[in-house]
Amino acid sequence: MACRFQYTRLFLVLLLAIVVGGCAAKTSYRFLDWIVAWTVDDYVVLDKELESEFERRLDQQLQWHQATQLPRYSALLRSLQDDLQRPLTPVVVNQYLLRVNGFWLDIIAQITPDITAILSQLSDAEVAILLDNFGDKIAESEEKYTDADAKQLSRERIKRVEKTVKRFIGRLNENQRQIIRHWEQQLQDAWPGWLAARKTWRENLATTLSSRREADFEQNITTLFTAEPAANDETYQQVVVANTHKSIELIIALQASLTEKQRAHLNKELAYWAEAFDELASEIKSREAIPQNSGIL
């Protein structure tokens, strides 16, 4: 489960990166289909017929997500608002991680049939391009982190966390910066295991795609997206578990350090996102309620 939290976090970061934009949050979500399509184009260019099918399936899935998943995100944020009225505990924080992981698994279950349908139609040339691009992305990451100075990576990690925290609580004080620096110093090096897991996943993808015309292809895709990528790497599993615990401690320490002004800022941010998700969900439900022959454009 610990490794999967990394992919859950990645999913949430991507989601927030898309919708976070101040007053433009709802507008950004409405362009999510373009953003997803651009991301797919980074890995493989589909032929015209398959691209049309992909866009149709994507539109249906985004409507499903907007109508059924955004209310769940809103409910989670409102629950978090309530829990933040009291000191957080490791158990409570872990429960939120499990809920978010459940969101990810539900999305995978929903989209797997469409992923299977698209991937099963790829030509050998398209599969080769897809795998090459995945390999290139891994190589880029390997080059970046292998050649990077450890102190520089540490500074960048601290800067990213400070920027994220500032977005939700406002300006950080020196004590809070020290809490983040202390957290970063305690982290174990997960880079070797992470890189190995990425390479293993790409190899498993290649194996899975080689049998994309077989009857069990959908099940194999499901396994690919939900199985632990480094289940046999006990050392990496231990590192991830340890770092997850340290990150939970960071969240608890930061909450305890909040000033009244910061608590109010955080509560306002959570309320904003909960309301934004609710409004987006109500929009799609309103469109579904309009009769197709109503004449409304």
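Preceding this section is the structure that the text describes.
Predicted model only: the values in this text are computed from it and were never measured.

Criteria and cut-off values
Residues numbered from 1 in each chain as written. Predicted model: local features only at pLDDT ≥ 70, side-chain atom pairs only at ≥ 80, totals over all residues. Heavy atoms only, no water. Core = buried A, V, L, I, M, F, W, Y, C linked by side-chain atoms within 4.5 Å. Buried < 20%, exposed > 50% of the residue type's maximum accessible area, 1.4 Å probe, protein only. Helix = DSSP H or I, 4+ residues; strand = E, 2+ residues; numbered from the N terminus. Contact = heavy atoms within 4.5 Å. Phe/Tyr/Trp six-rings, centres within 6.5 Å; stacked < 30°, edge-to-face > 60°.

With that settled, the discussion passes to the nonpolar core. In this structure, Leu77, Val165, Ile169, Ile180, Leu250 and Leu266 are the most contacted members of the largest nonpolar core, which totals 33 residues. Contributing elements (two or more residues each) for this core: helix H4 (48-83), helix H5 (90-119), helix H7 (150-169), helix H8 (174-186), helix H11 (234-257) and helix H12 (260-289). Top element by residues in this core is H12. It accounts for eight residues. If sequence neighbours within four positions are ignored, Ile180 has contacts with Ile158, Val161, Glu162, Val165, Leu172, Leu250 and Leu254. One finds Val44, Leu46, Leu119 and Leu224 within the second-largest nonpolar core, a separate group that totals 20 residues.

With that out of the way, let us pick up the packing of aromatic side chains. Under the counting rule described, the total for this entry stands at nine aromatic pairs. Aromatic side chains Trp201 and Phe225 sit 5.8 Å apart centroid to centroid with 75 degrees between the ring planes, which places their arrangement in the edge-to-face category. Of the two residues, Trp201 is situated in helix H9 (residues 191-209) and Phe225 in helix H10 (residues 217-226); the sequence distance between them amounts to 24 residues. Assessed through its relative accessible area of 25%, Phe225 is described here as partly exposed.

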